[in-house]
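# Inside the fold
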Amino acid sequence: MDYEHNNDAYCTHQKYTAKELDNLPSNAKILELGIGNGSSPLMYEFCKNNPNAIVQSFETDSSWFDKMYEKFGDLPNYVFNLLGSWDDLKNHIPEKSYDFTFVDQSPWSARIDSINLLKNKCDLFILHDYNYYNLPQHSWVSGTPNDIRINDDSSWLGQQYGEEFVLEDNYEILPPTLVMRKI
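Residues numbered from 1 in each chain as written. Predicted model: local features only at pLDDT ≥ 70, side-chain atom pairs only at ≥ 80, totals over all residues. Heavy atoms only, no water.

### Brief notes about the sheet that holds strand E4 (residues 100–103)
- Reading across the sheet, the 7 strands line up as E3-E2-E1-E4-E5-E7-E6 and stay open at both edges, with mixed pairing between neighbours. One side of each edge strand has no neighbouring strand; the edge strands of this open sheet are strand E3 (78–82) and strand E6 (165–170). Taken over all neighbouring pairs, the strand axes of this sheet differ in orientation by 15° on average, direction set aside.
- Examined bridge by bridge, strand E5 (residues 124–128) and strand E7 (residues 177–182) share 5 bridges and lie antiparallel to one another. Note on E7: the bridge partner recorded for Leu 124 is Arg 181.
- Helix H3 (residues 62–72) rests against strand E2 (54–59) and E3 of the sheet, and its axis sits at about 165° to E3.
- Relative to the sheet, helix H4 (residues 108–118) contacts strand E1 (29–33), E4, E5 and E7, its axis offset from that of E5 by approximately 175°. (Pairing = 2+ DSSP bridges. Helix = DSSP H or I, 4+ residues; strand = E, 2+ residues; numbered from the N terminus. Axes fitted to C-alpha atoms, helices over the stretch in contact; angles between N-to-C directions. Contact = heavy atoms within 4.5 Å.)

Listed below in structure tokens is the structure:
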């Protein structure tokens, strides 16, 4: 997939997201949690090129939702959903499994809640800005990670997901992007 990286901090995941989208089947079921200028153009292009695929996109900010829907909401297989809160997500995921989940929503806690909700329904996640969860100043982090960008057993993400997923740290472009593949 062709993409133009615009060097915006909100778009540093594009290289990795595009690569994963390229490897999905043409009838893939995808969740996009948090719509935006980085992920939505890629999801739109994927849907345009794969009419049998479906992307269910979710957002909680109504003004941002309207802006992104106006730009990308004209494809029948790229479905935009406005939620009252991320707690409502559980009521909007009817599929038993998904091929890929892109995770980049606000607030920060919603990202982990969403991964926990979906980890038995999806084998592949991309988590943008993942180093935030490994910062030692957070109350949930016990000890000091060897490096907040390396998800080994010293990191919070490594401790949470390292036994279920292979965690691929991508921090050549910051903020970093984590690819999580089910073991």
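### A closer look at the pattern of salt bridges
- Following the criterion strictly, the structure yields 8 salt bridges and no others.
- Linking Arg 111 and Asp 129 is a salt bridge whose minimum nitrogen-to-oxygen distance equals 3.6 Å. In this pair, Arg 111 is assigned in helix H4 and Asp 129 in the loop between E5 and helix H5 (156–161), connecting sequence segments 18 residues apart.
- Note that Glu 164 is salt-bridged to Lys 119, the shortest N-O span being 3.2 Å. Remark: Lys 119 occurs in the loop between H4 and E5 and Glu 164 occurs in the loop between H5 and E6; sequence separation between them is 45 residues.
- With relative accessibility at 18%, the residue Lys 119 sits in the buried group.
- What emerges from the salt-bridge pattern is a single network uniting Glu 20, Glu 168 and Arg 181. (Salt bridge = Lys/Arg side-chain N within 4 Å of Asp/Glu carboxyl O. Buried < 20%, exposed > 50% of the residue type's maximum accessible area, 1.4 Å probe, protein only.)

### Some details on the nonpolar core
- Grouped together as the largest cluster of nonpolar side chains are 26 residues, with contacts concentrated most on Leu 33, Phe 125, Leu 127, Leu 157, Tyr 161 and Met 180.
- Listed by contribution, the elements that provide at least two residues to this core are E1, H4, E5, H5, E6 and E7.
- The element contributing the most residues to this core is H4, with 4 residues.
- Those residues in contact with Leu 157 that sit more than four places away from it in its chain are Ile 112, Leu 127, Tyr 130, Tyr 133, Asn 134, Asn 151, Gly 162, Leu 167 and Leu 178.
- Listed in part, the 25 residues of the second largest apolar core include Leu 21, Leu 42, Leu 75 and Leu 124. (Core = buried A, V, L, I, M, F, W, Y, C linked by side-chain atoms within 4.5 Å.)

### Thoughts on the pairing of E7
- In the sheet, E6 pairs with E7 via 6 bridges, with the strands oriented antiparallel. Within the sheet, the bridge partner assigned to Asp 169 lies in E7 and is Leu 178.

### Examining the environment of Lys 182
- Examined against the element boundaries, Lys 182 turns out to sit in strand E7.
- Lys 182 gets classed as partly exposed once you look at its relative accessible area, which sits at 27%.
- The spatial distance from the C-alpha of Lys 182 to the C-alpha of Tyr 69 is 31 Å, given a sequence separation of 113 residues.
- For Lys 182, the residues in contact, after removing those within four places along its chain, are Lys 119, Asn 120, Cys 122, Asp 123, Glu 164 and Phe 165.
- In terms of polar contacts, Lys 182 uses its side chain to reach the backbone carbonyl oxygen of Lys 119, at 2.6 Å. (Polar contact = N/O pair within 3.5 Å; in protein donor to acceptor, adjacent residues only side chain to side chain.)

### A short note on the state of the cysteines
- The full count for this structure, using the stated rule, is 0 disulfides.
- You can see Cys 11 has no disulfide; the closest cysteine sulfur is in Cys 47, sitting 18 Å from it.
- Here Cys 47 stays free of any disulfide, with the sulfur of Cys 122 as its closest cysteine sulfur at 15 Å. (Disulfide = S-S within 2.5 Å.)

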